Amino acid sequence: MFHIFMVDLVPIFIIMALGYISGKKNSFTETQAKAFNKMVLTYALPAALFVSITKSNRAEIFQDSTLTLVSTVVLVVLFMLSYFSCKYIFKRTKPESAVCALIAGSPTVGFLGFAVLEPIYGTGTATGLVVAIVAIIVNAITIPLGLFLLGPQSSANSSDTSKLSALYSALKEPVVWAPVLAVCLVMLDIHFSTNLRSYI
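Just so you know, these numbers come straight off a predicted model, no measurement behind them.

> Just give me the short version of the UniProt feature "transmembrane region" (unreviewed entry) in the chain, but keep the residues and values in it.
In the numbering used here, UniProt assigns the feature "transmembrane region" (unreviewed entry) to residues 6–23, 35–54, 66–86, 98–117 and 129–150. Helix and strand shares over residues 66–86 are 100% and 0% respectively, and the end C-alpha atoms of the span are 30 Å apart. Counted over residues 129–150, helix gives 100% and strand 0%. Its end C-alpha atoms are 30 Å apart.

Set out below in structure tokens:
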């Protein structure tokens, strides 16, 4: 365990510290930072999730149904706990509480999932499935919920429209639909050939 911590996890914290320092020193412009985020969330992570999941089979998908349920409950509970704590204990406004919940209750699995889990559990399909499950929950449930709480609440109709719009926007993100598509392909027993898989 100590070896895993020193060899695999410490470098991650060092990189995070370097990122924090570079941000403080304005080493990267806001445009460059947005480009990095877009590269990870729009291309790199969806592709990694898709490839990892398509290497699995139906049995592995069903085996992770418990993980999906537990992850959904835990993440939503932590999100709401953060929201209500900020709102009623720290007396913040509704938008401020929503931002707090988004920060505290939405793990950055897209950036750190593979980096943390692969050294510990290996590069098998299980790691990709875990990252995919949490990424889908965060992007399809907690983030739209946070955006809904942030949005204007002038009427019931506008609330419903805002909620549906946030959910639709989340579902359009590659980090959401790519793993969902991969799961559908696995459930339909559609697999890439070995030769093609070696290239992706």
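> Hey, could you go over the side chain of Ser82 for me, with residue numbers and the actual values?
Considering the arrangement of structural elements, one finds Ser82 in helix 4 (residues 65–89). Not counting residues within four places of it along the chain, the set of residues in contact with Ser82 comprises Cys100, Ala101, Ala104 and Gly105.

> Give a description of the pattern of salt bridges that names residues and reports values.
For the structure on display, the rule yields one salt bridge. As a salt-bridge pair, Lys34 and Glu30 come within 3.4 Å of each other at their nearest N and O atoms. With a gap of four residues between them, Lys34 and Glu30 both fall in helix 2 (residues 30–54), about one helical turn apart.

> An account of the packing of aromatic side chains is requested, with residue identities and associated values reported.
Within the structure shown, the criterion is met by three aromatic pairs. Ring geometry for Phe28 versus Phe36: centroids 5.4 Å apart, planes at 80 degrees, classification edge-to-face. For the ring pair Phe84 and Tyr88, a centre distance of 5.9 Å and an interplane angle of 15 degrees mean the geometry is stacked. Placement of the pair is Phe84 and Tyr88 together in helix 4, with a separation of four residues, close to one helical turn. Joined through ring pairs, the aromatic side chains of Tyr83, Phe84 and Tyr88 make up one cluster. In this structure, Lys87 is placed above the aromatic ring of Tyr88, and the distance from its NZ or CZ to the ring centre is 5.7 Å.

Definitions and limits used
Residues numbered from 1 in each chain as written. Predicted model: local features only at pLDDT ≥ 70, side-chain atom pairs only at ≥ 80, totals over all residues. Heavy atoms only, no water. UniProt positions renumbered as here; feature names shortened; annotations may be inferred. Helix = DSSP H or I, 4+ residues; strand = E, 2+ residues; numbered from the N terminus. Contact = heavy atoms within 4.5 Å. Salt bridge = Lys/Arg side-chain N within 4 Å of Asp/Glu carboxyl O. Phe/Tyr/Trp six-rings, centres within 6.5 Å; stacked < 30°, edge-to-face > 60°. Lys NZ or Arg CZ within 6 Å of the ring centre and 35° of its normal.

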